[in-house]
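# Results of the structural survey
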Amino acid sequence: MIASALSMLVASAVTGTYTGTVTFRAAESSDVTVALGQRVATVTLGPGHVTGARVAVARSHGTIHFTSPGLPVNLRFALKKKGARLVGAATQGAAKGTVALHRGRGLDTGLGYFASPNVEVARFTRHGYSTDPFAVDLATGAFVDAPTSPGVRLDERQFDVRFRSGKATLAGTLTIPPGTGPHPGVVYVSGSGDTLREEAQWLEGLFVSRGIAVLAYDKRGIGQSGGTYPGSLASDETIRTLAGDAAAAARFLAAQDGVDAKRVGLYGLSQGGWIIPQAAVRAGGVVSWAVIESGPTVTQGESDNFAGLAATLSIAQAERQARAAGPSGYDPQAWIRKLDVPVLWLYGGRDRAQPAGTSMQLLKTLSAGHDFTTVLFPTAPHSLFDESGFPPELFPRVAEWLRAHALT
(Lines give C-alpha, C1' and ligand atoms only; values in the text may rest on other atoms or scores of the structure.)
Protein backbone atom coordinates (compact mmCIF):
# COMPACT_ATOMS: atom_id res chain seq x y z
CA MET A 1 0.00 0.00 0.00
CA ILE A 2 2.89 2.34 0.73
CA ALA A 3 4.37 1.67 -2.74
CA SER A 4 0.99 2.29 -4.36
CA ALA A 5 0.54 5.54 -2.46
CA LEU A 6 4.02 6.70 -3.46
CA SER A 7 3.30 5.85 -7.10
CA MET A 8 0.09 7.86 -7.01
CA LEU A 9 1.91 10.78 -5.37
CA VAL A 10 4.65 10.72 -8.02
CA ALA A 11 2.14 10.62 -10.86
CA SER A 12 0.22 13.55 -9.42
CA ALA A 13 3.42 15.62 -9.19
CA VAL A 14 4.71 15.04 -12.73
CA THR A 15 4.53 18.18 -14.87
CA GLY A 16 6.72 19.83 -17.49
CA THR A 17 7.61 19.25 -21.14
CA TYR A 18 8.54 15.76 -22.29
CA THR A 19 9.57 14.62 -25.75
CA GLY A 20 10.23 11.24 -27.32
CA THR A 21 8.56 8.67 -29.54
CA VAL A 22 5.51 6.47 -29.99
CA THR A 23 6.04 3.18 -31.80
CA PHE A 24 3.12 1.12 -33.02
CA ARG A 25 3.57 -2.56 -33.81
CA ALA A 26 5.29 -3.13 -37.15
CA ALA A 27 5.49 0.64 -37.71
CA GLU A 28 8.14 3.33 -37.67
CA SER A 29 8.49 5.49 -34.58
CA SER A 30 6.83 8.92 -34.61
CA ASP A 31 7.74 11.99 -32.58
CA VAL A 32 5.73 13.05 -29.54
CA THR A 33 6.03 16.21 -27.46
CA VAL A 34 3.79 16.70 -24.41
CA ALA A 35 3.64 19.88 -22.33
CA LEU A 36 2.13 18.30 -19.24
CA GLY A 37 0.21 20.30 -16.65
CA GLN A 38 -1.73 19.05 -13.67
CA ARG A 39 -5.05 18.90 -15.49
CA VAL A 40 -4.29 19.92 -19.08
CA ALA A 41 -1.64 18.85 -21.60
CA THR A 42 -0.62 20.19 -25.01
CA VAL A 43 0.19 17.33 -27.37
CA THR A 44 2.16 17.56 -30.62
CA LEU A 45 2.70 14.35 -32.58
CA GLY A 46 5.48 15.38 -34.93
CA PRO A 47 5.67 16.67 -38.51
CA GLY A 48 2.44 16.15 -40.40
CA HIS A 49 0.57 14.88 -37.34
CA VAL A 50 -1.72 16.58 -34.83
CA THR A 51 -0.09 19.79 -33.59
CA GLY A 52 -0.72 21.67 -30.36
CA ALA A 53 -3.84 19.79 -29.21
CA ARG A 54 -4.94 20.89 -25.72
CA VAL A 55 -6.40 17.89 -23.91
CA ALA A 56 -7.56 16.96 -20.44
CA VAL A 57 -5.27 14.97 -18.11
CA ALA A 58 -6.44 12.36 -15.58
CA ARG A 59 -4.20 10.74 -12.96
CA SER A 60 -5.01 7.52 -11.14
CA HIS A 61 -3.09 4.70 -9.50
CA GLY A 62 0.26 6.10 -10.61
CA THR A 63 -0.78 6.43 -14.27
CA ILE A 64 -1.16 9.62 -16.29
CA HIS A 65 -3.99 9.40 -18.85
CA PHE A 66 -4.76 11.74 -21.76
CA THR A 67 -6.03 11.47 -25.32
CA SER A 68 -5.19 13.12 -28.63
CA PRO A 69 -7.92 13.77 -31.23
CA GLY A 70 -8.38 10.89 -33.66
CA LEU A 71 -10.82 9.25 -36.05
CA PRO A 72 -12.72 6.99 -35.94
CA VAL A 73 -11.52 6.93 -32.30
CA ASN A 74 -9.14 9.05 -30.26
CA LEU A 75 -5.49 8.17 -29.66
CA ARG A 76 -5.17 7.26 -25.98
CA PHE A 77 -2.04 7.52 -23.83
CA ALA A 78 -1.37 5.85 -20.47
CA LEU A 79 2.05 6.75 -19.01
CA LYS A 80 3.98 6.15 -15.79
CA LYS A 81 7.10 7.78 -14.43
CA LYS A 82 10.13 5.54 -14.63
CA GLY A 83 13.21 7.28 -13.33
CA ALA A 84 13.56 10.49 -15.34
CA ARG A 85 11.32 9.20 -18.15
CA LEU A 86 7.65 8.71 -18.84
CA VAL A 87 6.88 5.33 -20.40
CA GLY A 88 3.72 3.47 -21.27
CA ALA A 89 1.26 2.71 -24.02
CA ALA A 90 -0.66 4.40 -26.82
CA THR A 91 -3.73 2.84 -28.40
CA GLN A 92 -6.06 3.82 -31.21
CA GLY A 93 -8.68 1.19 -31.77
CA ALA A 94 -6.85 -2.04 -32.60
CA ALA A 95 -3.53 -0.21 -33.06
CA LYS A 96 -1.25 -0.57 -30.03
CA GLY A 97 2.08 1.11 -29.41
CA THR A 98 4.72 1.91 -26.82
CA VAL A 99 5.70 5.39 -25.66
CA ALA A 100 9.02 6.59 -24.24
CA LEU A 101 9.49 10.25 -23.30
CA HIS A 102 12.28 12.22 -21.62
CA ARG A 103 12.35 15.76 -20.30
CA GLY A 104 13.07 18.36 -22.95
CA ARG A 105 11.49 20.66 -25.46
CA GLY A 106 10.76 18.93 -28.75
CA LEU A 107 11.76 20.34 -32.13
CA ASP A 108 8.21 20.30 -33.44
CA THR A 109 6.28 22.44 -30.97
CA GLY A 110 6.22 25.44 -33.35
CA LEU A 111 4.73 23.54 -36.28
CA GLY A 112 1.31 24.40 -37.61
CA TYR A 113 -0.85 27.01 -39.33
CA PHE A 114 -0.76 30.68 -38.39
CA ALA A 115 -3.11 33.53 -39.27
CA SER A 116 -0.60 36.14 -38.17
CA PRO A 117 1.92 35.91 -39.68
CA ASN A 118 0.01 34.13 -42.45
CA VAL A 119 2.32 31.12 -42.73
CA GLU A 120 2.53 27.39 -42.28
CA VAL A 121 5.52 26.25 -40.22
CA ALA A 122 6.70 22.84 -41.45
CA ARG A 123 9.54 20.38 -40.95
CA PHE A 124 10.50 17.30 -42.98
CA THR A 125 12.22 14.18 -41.72
CA ARG A 126 12.75 12.62 -45.14
CA HIS A 127 12.57 13.55 -48.82
CA GLY A 128 12.23 17.21 -47.90
CA TYR A 129 13.77 20.63 -48.15
CA SER A 130 14.88 20.94 -44.52
CA THR A 131 14.73 18.98 -41.27
CA ASP A 132 14.68 22.31 -39.39
CA PRO A 133 11.42 24.23 -39.02
CA PHE A 134 10.75 26.76 -41.76
CA ALA A 135 7.73 28.71 -42.89
CA VAL A 136 5.76 28.86 -46.13
CA ASP A 137 4.10 32.22 -46.83
CA LEU A 138 0.46 31.31 -47.47
CA ALA A 139 -0.06 34.25 -49.81
CA THR A 140 3.01 34.00 -52.05
CA GLY A 141 4.44 30.50 -51.54
CA ALA A 142 7.79 31.97 -50.50
CA PHE A 143 9.94 30.19 -47.91
CA VAL A 144 10.60 32.50 -44.97
CA ASP A 145 12.14 32.18 -41.52
CA ALA A 146 9.94 30.47 -38.96
CA PRO A 147 8.48 32.97 -36.46
CA THR A 148 10.75 33.46 -33.45
CA SER A 149 7.79 34.26 -31.22
CA PRO A 150 4.37 32.60 -31.16
CA GLY A 151 1.97 33.93 -33.75
CA VAL A 152 -1.82 33.79 -33.93
CA ARG A 153 -2.71 30.23 -34.88
CA LEU A 154 -5.50 29.32 -37.23
CA ASP A 155 -8.28 27.72 -35.23
CA GLU A 156 -8.11 24.47 -37.18
CA ARG A 157 -8.97 21.01 -35.86
CA GLN A 158 -6.67 18.04 -36.44
CA PHE A 159 -7.16 14.30 -36.05
CA ASP A 160 -4.84 11.33 -36.35
CA VAL A 161 -6.89 8.94 -38.47
CA ARG A 162 -6.90 5.29 -39.50
CA PHE A 163 -8.92 3.89 -42.40
CA ARG A 164 -9.11 0.66 -44.36
CA SER A 165 -7.92 0.11 -47.91
CA GLY A 166 -8.51 -3.51 -48.81
CA LYS A 167 -6.75 -5.58 -46.13
CA ALA A 168 -4.47 -2.73 -45.03
CA THR A 169 -5.12 -0.06 -42.42
CA LEU A 170 -3.62 3.26 -43.46
CA ALA A 171 -2.76 6.04 -41.02
CA GLY A 172 -2.89 9.75 -41.66
CA THR A 173 -3.86 13.20 -40.42
CA LEU A 174 -7.06 15.11 -41.15
CA THR A 175 -6.89 18.91 -40.82
CA ILE A 176 -10.22 20.76 -40.80
CA PRO A 177 -10.10 24.56 -41.24
CA PRO A 178 -11.74 27.09 -38.92
CA GLY A 179 -15.47 27.63 -39.27
CA THR A 180 -18.56 25.49 -39.04
CA GLY A 181 -18.40 24.08 -42.56
CA PRO A 182 -19.18 21.84 -44.21
CA HIS A 183 -15.81 22.39 -45.89
CA PRO A 184 -14.56 21.14 -49.22
CA GLY A 185 -11.90 18.48 -48.71
CA VAL A 186 -8.86 17.19 -50.52
CA VAL A 187 -6.73 14.06 -50.20
CA TYR A 188 -3.00 14.36 -50.70
CA VAL A 189 -1.60 11.66 -53.04
CA SER A 190 2.13 11.21 -52.70
CA GLY A 191 4.73 10.97 -55.42
CA SER A 192 7.19 8.08 -55.62
CA GLY A 193 9.29 6.89 -52.71
CA ASP A 194 8.74 5.80 -49.13
CA THR A 195 6.89 8.98 -48.25
CA LEU A 196 5.17 10.08 -45.05
CA ARG A 197 2.10 12.24 -44.56
CA GLU A 198 4.26 15.29 -43.77
CA GLU A 199 5.15 15.65 -47.47
CA ALA A 200 1.69 17.15 -48.02
CA GLN A 201 2.78 20.28 -46.20
CA TRP A 202 4.19 21.75 -49.42
CA LEU A 203 0.70 22.93 -50.41
CA GLU A 204 -1.39 21.81 -47.44
CA GLY A 205 -1.35 25.27 -45.87
CA LEU A 206 -2.64 26.81 -49.10
CA PHE A 207 -5.76 24.65 -48.92
CA VAL A 208 -6.31 24.91 -45.15
CA SER A 209 -5.92 28.71 -45.13
CA ARG A 210 -8.62 28.92 -47.81
CA GLY A 211 -11.13 26.76 -45.97
CA ILE A 212 -10.40 23.33 -47.50
CA ALA A 213 -9.92 20.29 -45.27
CA VAL A 214 -6.85 18.15 -46.02
CA LEU A 215 -6.32 14.42 -45.45
CA ALA A 216 -2.71 13.25 -45.82
CA TYR A 217 -1.59 9.70 -45.08
CA ASP A 218 1.57 7.64 -44.79
CA LYS A 219 2.07 5.51 -47.87
CA ARG A 220 1.19 1.84 -47.28
CA GLY A 221 3.96 -0.01 -45.46
CA ILE A 222 5.56 3.29 -44.42
CA GLY A 223 5.31 5.27 -41.17
CA GLN A 224 2.24 4.09 -39.26
CA SER A 225 0.41 2.64 -42.28
CA GLY A 226 -0.04 -1.09 -42.64
CA GLY A 227 0.20 -3.12 -45.80
CA THR A 228 3.26 -3.74 -47.96
CA TYR A 229 5.22 -0.91 -49.54
CA PRO A 230 5.01 -1.56 -53.30
CA GLY A 231 8.26 0.20 -54.23
CA SER A 232 8.87 3.24 -56.41
CA LEU A 233 8.58 1.69 -59.89
CA ALA A 234 5.35 2.83 -61.51
CA SER A 235 4.22 -0.59 -62.71
CA ASP A 236 0.59 -1.29 -63.53
CA GLU A 237 0.24 -3.21 -60.27
CA THR A 238 1.85 -0.48 -58.15
CA ILE A 239 -0.31 2.28 -59.60
CA ARG A 240 -3.42 0.12 -59.23
CA THR A 241 -2.60 -0.51 -55.56
CA LEU A 242 -1.82 3.13 -54.76
CA ALA A 243 -4.89 4.35 -56.67
CA GLY A 244 -7.00 2.01 -54.54
CA ASP A 245 -5.49 3.60 -51.42
CA ALA A 246 -6.24 7.12 -52.70
CA ALA A 247 -9.82 6.16 -53.55
CA ALA A 248 -10.26 4.67 -50.06
CA ALA A 249 -8.91 7.89 -48.54
CA ALA A 250 -11.38 9.97 -50.57
CA ARG A 251 -14.29 7.82 -49.43
CA PHE A 252 -13.14 8.13 -45.80
CA LEU A 253 -12.80 11.90 -46.09
CA ALA A 254 -16.23 12.30 -47.69
CA ALA A 255 -17.82 10.49 -44.72
CA GLN A 256 -16.42 12.83 -42.04
CA ASP A 257 -18.42 15.45 -40.16
CA GLY A 258 -17.55 18.95 -41.26
CA VAL A 259 -16.62 17.86 -44.80
CA ASP A 260 -18.83 18.51 -47.82
CA ALA A 261 -19.10 15.10 -49.46
CA LYS A 262 -19.98 16.76 -52.79
CA ARG A 263 -16.69 18.72 -52.92
CA VAL A 264 -13.96 16.16 -52.23
CA GLY A 265 -10.85 16.31 -54.40
CA LEU A 266 -7.40 14.80 -54.88
CA TYR A 267 -4.12 16.67 -54.90
CA GLY A 268 -0.71 15.18 -55.69
CA LEU A 269 2.56 15.54 -57.50
CA SER A 270 4.85 13.59 -59.81
CA GLN A 271 3.88 9.89 -59.68
CA GLY A 272 0.69 11.07 -58.01
CA GLY A 273 -0.26 12.38 -61.45
CA TRP A 274 -0.49 8.79 -62.69
CA ILE A 275 -2.36 7.68 -59.57
CA ILE A 276 -4.99 10.44 -59.36
CA PRO A 277 -6.88 9.88 -62.65
CA GLN A 278 -7.32 6.17 -61.88
CA ALA A 279 -8.22 6.87 -58.22
CA ALA A 280 -10.79 9.51 -59.19
CA VAL A 281 -12.54 7.14 -61.57
CA ARG A 282 -12.41 4.18 -59.18
CA ALA A 283 -13.75 6.23 -56.25
CA GLY A 284 -17.20 5.90 -57.81
CA GLY A 285 -18.33 9.53 -57.95
CA VAL A 286 -16.83 10.57 -54.62
CA VAL A 287 -14.08 12.71 -56.20
CA SER A 288 -15.30 15.96 -57.79
CA TRP A 289 -12.03 17.84 -58.55
CA ALA A 290 -8.25 17.45 -58.67
CA VAL A 291 -5.02 19.45 -58.67
CA ILE A 292 -1.98 17.70 -60.17
CA GLU A 293 1.55 19.08 -59.86
CA SER A 294 4.20 17.92 -62.38
CA GLY A 295 2.14 14.85 -63.20
CA PRO A 296 3.23 12.97 -66.34
CA THR A 297 0.57 12.13 -68.89
CA VAL A 298 3.09 10.09 -70.90
CA THR A 299 3.83 6.43 -70.16
CA GLN A 300 6.17 5.27 -67.42
CA GLY A 301 8.79 4.25 -69.96
CA GLU A 302 8.74 7.61 -71.73
CA SER A 303 9.02 9.48 -68.45
CA ASP A 304 11.89 7.34 -67.17
CA ASN A 305 13.72 7.58 -70.53
CA PHE A 306 13.39 11.35 -70.44
CA ALA A 307 14.71 11.59 -66.87
CA GLY A 308 17.77 9.54 -67.80
CA LEU A 309 18.46 11.60 -70.92
CA ALA A 310 17.86 14.94 -69.20
CA ALA A 311 20.72 14.26 -66.81
CA THR A 312 23.18 15.03 -69.63
CA LEU A 313 21.15 16.61 -72.46
CA SER A 314 19.05 19.73 -72.74
CA ILE A 315 15.38 19.35 -71.87
CA ALA A 316 14.39 19.81 -75.53
CA GLN A 317 16.85 17.15 -76.71
CA ALA A 318 15.76 14.74 -73.98
CA GLU A 319 12.10 15.20 -74.90
CA ARG A 320 12.77 14.54 -78.59
CA GLN A 321 14.76 11.37 -77.92
CA ALA A 322 12.25 10.08 -75.35
CA ARG A 323 9.41 10.57 -77.85
CA ALA A 324 11.42 8.78 -80.52
CA ALA A 325 11.90 5.78 -78.21
CA GLY A 326 8.11 5.48 -77.95
CA PRO A 327 5.68 4.54 -75.17
CA SER A 328 6.16 1.65 -72.75
CA GLY A 329 5.06 0.65 -69.28
CA TYR A 330 2.14 2.11 -67.37
CA ASP A 331 -0.07 4.32 -69.54
CA PRO A 332 -2.43 6.78 -67.80
CA GLN A 333 -4.26 7.96 -70.92
CA ALA A 334 -7.25 5.63 -70.70
CA TRP A 335 -7.94 6.83 -67.15
CA ILE A 336 -7.44 10.50 -68.09
CA ARG A 337 -10.05 10.09 -70.85
CA LYS A 338 -12.50 8.69 -68.29
CA LEU A 339 -12.17 11.69 -65.97
CA ASP A 340 -15.39 13.67 -65.62
CA VAL A 341 -14.16 16.19 -63.02
CA PRO A 342 -12.31 19.53 -63.39
CA VAL A 343 -8.53 19.17 -63.10
CA LEU A 344 -5.83 21.82 -62.67
CA TRP A 345 -2.50 20.61 -64.10
CA LEU A 346 0.62 22.51 -62.94
CA TYR A 347 3.99 22.17 -64.70
CA GLY A 348 7.51 23.53 -64.43
CA GLY A 349 9.48 24.58 -67.50
CA ARG A 350 12.74 23.29 -66.01
CA ASP A 351 11.41 19.86 -65.04
CA ARG A 352 14.10 17.21 -65.59
CA ALA A 353 12.20 14.36 -63.92
CA GLN A 354 9.36 14.06 -66.45
CA PRO A 355 8.78 15.64 -69.89
CA ALA A 356 6.53 18.59 -69.05
CA GLY A 357 6.36 19.81 -72.65
CA THR A 358 5.30 16.43 -74.00
CA SER A 359 2.85 15.90 -71.12
CA MET A 360 1.22 19.27 -71.76
CA GLN A 361 1.01 18.65 -75.50
CA LEU A 362 -0.59 15.28 -74.89
CA LEU A 363 -3.13 16.89 -72.54
CA LYS A 364 -4.31 19.06 -75.45
CA THR A 365 -5.28 15.92 -77.37
CA LEU A 366 -7.04 14.50 -74.31
CA SER A 367 -8.89 17.66 -73.21
CA ALA A 368 -11.87 17.57 -75.57
CA GLY A 369 -15.02 17.36 -73.48
CA HIS A 370 -13.10 17.85 -70.22
CA ASP A 371 -12.68 20.77 -67.81
CA PHE A 372 -8.86 20.71 -67.80
CA THR A 373 -6.75 23.77 -67.05
CA THR A 374 -2.99 23.63 -67.69
CA VAL A 375 -0.55 26.19 -66.25
CA LEU A 376 3.20 26.35 -66.97
CA PHE A 377 5.69 28.08 -64.66
CA PRO A 378 8.63 28.53 -67.04
CA THR A 379 11.47 28.77 -64.51
CA ALA A 380 10.21 26.15 -62.05
CA PRO A 381 11.78 22.68 -61.63
CA HIS A 382 9.93 19.38 -61.10
CA SER A 383 9.06 20.20 -57.49
CA LEU A 384 7.87 23.68 -58.56
CA PHE A 385 10.01 25.23 -55.81
CA ASP A 386 13.63 26.20 -55.24
CA GLU A 387 15.48 27.47 -52.16
CA SER A 388 13.35 30.65 -52.13
CA GLY A 389 10.00 28.88 -52.41
CA PHE A 390 7.33 28.42 -55.06
CA PRO A 391 6.92 30.81 -58.02
CA PRO A 392 5.14 33.92 -56.68
CA GLU A 393 2.28 33.47 -59.13
CA LEU A 394 1.61 29.79 -58.27
CA PHE A 395 -0.42 30.19 -55.06
CA PRO A 396 -2.60 32.98 -56.54
CA ARG A 397 -3.24 30.91 -59.69
CA VAL A 398 -4.31 27.89 -57.64
CA ALA A 399 -6.50 30.08 -55.42
CA GLU A 400 -8.12 31.63 -58.51
CA TRP A 401 -8.91 28.16 -59.92
CA LEU A 402 -10.36 27.04 -56.58
CA ARG A 403 -12.62 30.10 -56.45
CA ALA A 404 -13.73 29.58 -60.05
CA HIS A 405 -14.85 26.07 -59.13
CA ALA A 406 -16.71 27.14 -55.95
CA LEU A 407 -14.20 25.51 -53.64
CA THR A 408 -13.39 28.61 -51.57
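As the structure is a prediction and not an experimental result, all values here were calculated from the model.

### Here's the deal with the overall build of the protein chain
- Within the protein chain, the regular secondary structure consists of nine helices and 22 strands.
- Against the 2.2 N^0.38 benchmark of 22 Å for 408 residues, the protein chain shows a C-alpha radius of gyration of 22 Å, consistent with a compact globule.
- Principal-axis analysis of the C-alpha atoms places the extent of the protein chain at approximately 80 × 45 × 45 Å.
- A total of 408 residues make up the protein chain; the buried ones form 54% of that total.
- Partitioning the contacts of the protein chain with sequence separation of at least 6, the portion at a separation of at least 24 is 63%.
- A total accessible area of about 16700 Å² is found for the protein chain, and carbon and sulfur atoms account for 54% of it.
- Computing the positive centroid from 37 side-chain charges and the negative centroid from 32, the protein chain places the two 10 Å apart.

### What about the pattern of salt bridges?
- Tallying each qualifying case throughout the model produces seven salt bridges.
- Two residues, Glu400 and Arg397, come together in a salt bridge whose shortest N-O distance is 3.8 Å. Here the residue Glu400 and the residue Arg397 both occupy positions in helix H9 (residues 394-404), the gap between them amounting to three residues, near one helical turn.
- Owing to a relative accessible area of 44%, Glu400 belongs among the partly exposed residues under this scheme.
- Salt bridges linked by common partners bring Asp160, Arg197 and Asp218 together as one network.

### A few points about the confidence of the model for the protein chain
- This prediction gives the protein chain a mean pLDDT of 93; 96% of its residues lie at or above 70.
- Confidence drops under a pLDDT of 50 for residues 2-10, and excluding neighbours within four residues, the segment shows five contacts in the predicted structure.

### A word on the sheet that holds strand S18 (residues 213-217)
- With mixed pairing, the nine strands of this open sheet are ordered in space as S6-S15-S16-S18-S17-S19-S20-S21-S22. Either end of the sheet is taken by a strand with one partner, and the two such strands are strand S6 (70-71) and strand S22 (372-377).
- Note: strand S20 (residues 287-293) against strand S21 (residues 343-348), four bridges, orientation parallel. Residue pairing for S21: Glu293 is matched across the bridge by Leu346.

### Considerations on helix H5 (residues 300-310)
- Regarding H5, the residues found buried are Gln300, Gly301, Glu302, Ser303, Phe306 and Ala310.
- Looking at the buried side of H5, the elements it contacts are helix H4 (272-282) and helix H6 (315-325).

### Structural notes on the packing of aromatic side chains
- Throughout the structure, instances matching the rule amount to 15 aromatic pairs.
- Aromatic side chains Trp345 and Phe372 sit 5.7 Å apart centroid to centroid with 75° between the ring planes, which places their arrangement in the edge-to-face category. A residue pair is termed long-range when its members are at least 10 positions apart, and Trp345 in strand S21 and Phe372 in strand S22 qualify at 27 residues. Of the two residues examined, Trp345 and Phe372, each falls in the buried class.
- Taken together, the aromatic side chains of Phe124, Phe134, Phe143, Phe385, Phe390 and Phe395 make up a single cluster linked through ring pairs.
- The ring of Phe24 carries Arg162 above its face, with NZ or CZ at 4.5 Å from the centroid.

Each value, and the rule that gives it
Residues numbered from 1 in each chain as written. Predicted model: local features only at pLDDT ≥ 70, side-chain atom pairs only at ≥ 80, totals over all residues. Heavy atoms only, no water. Helix = DSSP H or I, 4+ residues; strand = E, 2+ residues; numbered from the N terminus. Rg over C-alpha atoms; globule rule 2.2 N^0.38 Å. Buried < 20%, exposed > 50% of the residue type's maximum accessible area, 1.4 Å probe, protein only. Contact = heavy atoms within 4.5 Å. Areas by Shrake-Rupley, 256 points an atom, 1.4 Å probe, with all protein chains shown as cover. Lys, Arg positive; Asp, Glu negative; His and termini not counted. Charge placed at Lys NZ, Arg CZ, Asp CG, Glu CD. Salt bridge = Lys/Arg side-chain N within 4 Å of Asp/Glu carboxyl O. pLDDT = per-residue confidence, 0-100. Pairing = 2+ DSSP bridges. Phe/Tyr/Trp six-rings, centres within 6.5 Å; stacked < 30°, edge-to-face > 60°. Lys NZ or Arg CZ within 6 Å of the ring centre and 35° of its normal.

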